[in-house]
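Here are the chains, one letter per residue:
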Amino acid sequence: MITPDEIRKKADRLYIPFLQSLLQAEPFFPRDFTAGRTIPDDFQKLRDAVEQLKKGSKHCVGYGYQVESIRRKTRFDMQSLPSRIIFETETDYLKFVNKESEVADFKKAVARMRNEFPELNIWLSQNPKKVIKHLGKWDNLLRVCLYFQNNPKPHLYLRELPINVHTKFIEQNQGILNELLSAILPDDAINQEENDFEKRFGLRYAEPSVTIRALDQNLQVKYGISTSEMSILISDFERRNLQGYRFIITENLMNFRTLPDLSNSFALWGEGFKVAILKDVELLMHCQIIYWGDLDAQGFQILAKLRSYFYQTISVMMDRETFDTFQESAVPGTLCKVANLSYLTPEEQDLFADLSKQTIRLEQEKIPKDFVICRLNNLTAR
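The rules behind these values
Residues numbered from 1 in each chain as written. Predicted model: local features only at pLDDT ≥ 70, side-chain atom pairs only at ≥ 80, totals over all residues. Heavy atoms only, no water. Salt bridge = Lys/Arg side-chain N within 4 Å of Asp/Glu carboxyl O. Patch = residues over 30% accessible without salt bridge, like charges linked within 9 Å, V, L, I, M, F, W, Y side chains within 5 Å. Areas by Shrake-Rupley, 256 points an atom, 1.4 Å probe, with all protein chains shown as cover. Lys, Arg positive; Asp, Glu negative; His and termini not counted. Charge placed at Lys NZ, Arg CZ, Asp CG, Glu CD. Helix = DSSP H or I, 4+ residues; strand = E, 2+ residues; numbered from the N terminus. 1 Å grid on protein atoms, 1.4 Å probe; cavity = no way out; pocket = protein on both sides within 12 Å on 5 of 7 lines; lining within 4 Å. Points joined across faces, edges and corners; volume = space filled by probe spheres on them. Buried < 20%, exposed > 50% of the residue type's maximum accessible area, 1.4 Å probe, protein only. Polar contact = N/O pair within 3.5 Å; in protein donor to acceptor, adjacent residues only side chain to side chain. Contact = heavy atoms within 4.5 Å. Pairing = 2+ DSSP bridges. Right-handed = clockwise from strand over helix to strand, strands pointing away. Phe/Tyr/Trp six-rings, centres within 6.5 Å; stacked < 30°, edge-to-face > 60°. Lys NZ or Arg CZ within 6 Å of the ring centre and 35° of its normal.

1. Remarks on the pattern of salt bridges
Inference 1: Evaluated as defined, the whole model comprises 18 salt bridges.
Inference 2: The structure contains a network of salt bridges with shared partners spanning Arg112, Glu116 and Asp139.

2. Concerning a negative patch on the surface
Inference 1: A contiguous patch of negative charge on the surface is contributed by Glu193, Glu194, Asp196, Glu238, Asp280 and Glu282.
Inference 2: You can see glutamate 238 is positioned in helix 14 (residues 234-239).

3. Quick word on empty space enclosed by the protein
Inference 1: The final tally for this structure, using the stated rule, is 1 cavity of 30 Å³ or more.
Inference 2: One number sums up the size of the largest cavity: a volume of about 40 Å³.
Inference 3: Considering the residues around the largest cavity, the lining is formed by Ser209, Val210, Thr211, Leu268, Trp269, Gly270, Glu271, Lys274, Val275, Ile277 and Leu278.
Inference 4: Looking at the lining of the largest cavity, the elements that each hand over two or more residues are strand 4 (209-214) and strand 7 (265-269).
Inference 5: Tallying contributions element by element places strand 4 first for the lining of the largest cavity, with 3 residues.

4. Details of the side chain of glutamate 251
Inference 1: Mapped onto the elements, glutamate 251 comes out in the loop between strand 6 (246-250) and helix 15 (253-257).
Inference 2: Although glutamate 251 lies buried, it forms no salt bridge, and the closest oppositely charged side chain, arginine 361, sits 6.4 Å away as judged by the N-O distance.
Inference 3: Of the polar contacts made by the side chain of glutamate 251, one reaches the side chain of tyrosine 291; its length is 3.5 Å.
Inference 4: Each residue touching glutamate 251, except ones within four places of it in the same chain, is listed here: Trp269, Glu271, Gly272, Tyr291, Trp292, Gly293, Asp294, Gly299, Ile302 and Gln364.

5. With respect to the pairing of strand 8 (residues 288-292)
Inference 1: Taken across its 5 residues, strand 8 has 4 buried, putting it largely inside the fold.
Inference 2: For strand 8 and strand 9 (residues 314-315), the ladder comprises 2 bridges, and the chain directions are parallel. Bridge pairing in strand 9 links tyrosine 291 to serine 315.
Inference 3: Between strand 8 and its parallel partner strand 9, the chain crosses via helix 16 (residues 297-309), and the hand of that crossover is right-handed.

6. A short note on the environment of valine 316
Inference 1: Locating valine 316 in the fold gives a position in the loop between strand 9 and helix 17 (320-326).
Inference 2: Using a relative accessible area of 5% as the deciding quantity, one classes valine 316 as buried.
Inference 3: Counting along the chain gives 63 residues from valine 316 to leucine 379, while the straight-line C-alpha distance between them is 8.0 Å.

7. Some points on the sheet that holds strand 9
Inference 1: The strand order across the open sheet built from 6 strands is 5-4-7-6-8-9, with neighbouring strands paired in mixed fashion. One side of each edge strand has no neighbouring strand; the edge strands of this open sheet are strand 5 (230-233) and strand 9.
Inference 2: Two strands pair when backbone bridges link them, and strand 6 and strand 7 are joined in this way by 5 bridges, in the parallel orientation. Along strand 7, the bridge assignment pairs threonine 250 with tryptophan 269.

8. Some words on the packing of aromatic side chains
Inference 1: Counted by the stated rule, this structure contains 22 aromatic pairs.
Inference 2: With a centroid separation of 5.5 Å and 40° between ring planes, the pair formed by phenylalanine 29 and tyrosine 93 is classed as tilted. On the criterion of sequence distance, the pair formed by phenylalanine 29 in the loop between helix 2 (15-23) and strand 1 (31-34) and tyrosine 93 in helix 5 (residues 90-97) is long-range, its members being 64 residues apart. Like tyrosine 93, phenylalanine 29 is buried.
Inference 3: Ring geometry for phenylalanine 148 versus phenylalanine 201: centroids 6.3 Å apart, planes at 70°, classification edge-to-face. Residue phenylalanine 148 is found in helix 9 (residues 138-150), and its partner phenylalanine 201 is found in the loop between helix 12 (197-200) and strand 4; the two are separated by 53 residues along the sequence. Like phenylalanine 148, the residue phenylalanine 201 is buried in the burial classification.
Inference 4: In textbook terms, an aromatic cluster arises when at least three aromatic residues are bridged by ring pairs, as seen for Phe18, Phe28, Phe29, Phe33, Tyr65, Phe87, Tyr93 and Phe96.
Inference 5: The ring of phenylalanine 96 carries arginine 8 above its face, with NZ or CZ at 4.1 Å from the centroid.

Encoded structure:
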């Protein structure tokens, strides 16, 4: 026989289907389920179980479930036993699950959304739980939606948007706003290939920057790029007409700053795995790229990543001769769980495997400057 606790669990499981029925304007009550046919094998336990059901019923407390009984023959003779549990009305049900106030707010939010943004009808039918989750926020959420509907792709920073909401509100609610804006905005107001909120909806965002320097005085004059160093936004870097030149990318900042003069060449600080920010820089597809990283597993991982973006990338001082020459300066490295890397030459793959297995590192700043100059001059003279 069902218990009051089991009735509550069943009632709780009905909540989302009930909300969906409200969205679809379909009748949901009366709602009933069986009280179960198994009864206690002790008469006193049976009496207590029936009494507990009745005490929690609408007949006793004024709301909630009703108990429908039938007479059944039992081992204790004929007995009137519960057969079905019934919630007759929405009011009975909501008072029982303590959701009256929540559902009232739900109905108000849905009515407003449908009135102001009929485009959200499909989203609403699929997401009643999200409406509930964000109760208390819908005034602000719909203010944001209205602004973007009237001002698609505003090209402002989030905190510049002239919307009467808390300055961090949009940042803290990007997930739900992404769904809502994707439902109400026309296709041409959304960058469909972008997942980042700012990029997807045409906002300004904190762009990454690259640090470069000219290794050729003529290029310094021509492009106004310092021989010391300068940081520029990726978008500005992309717009510069630097195709056809050589870029030497170093993992280490000091090596970047101390690269020798080289004709037709720029230096670019890769900042380790941050080279990933370069992957969409079209101009680099038309440049010679030389990468110089640490002689360790991670250095070769960065090389492989860079070469996956720019197939023409070659490495310098990342060979076995360089390692053997200066291996007394090697130190313990960082464990690498990757066994094989794509985009490496057979010689690079072989050295990567050895360094990874031994977990050692020869940092690029340990290589003497005269050796660096000789290698770079030999490479760029080809």
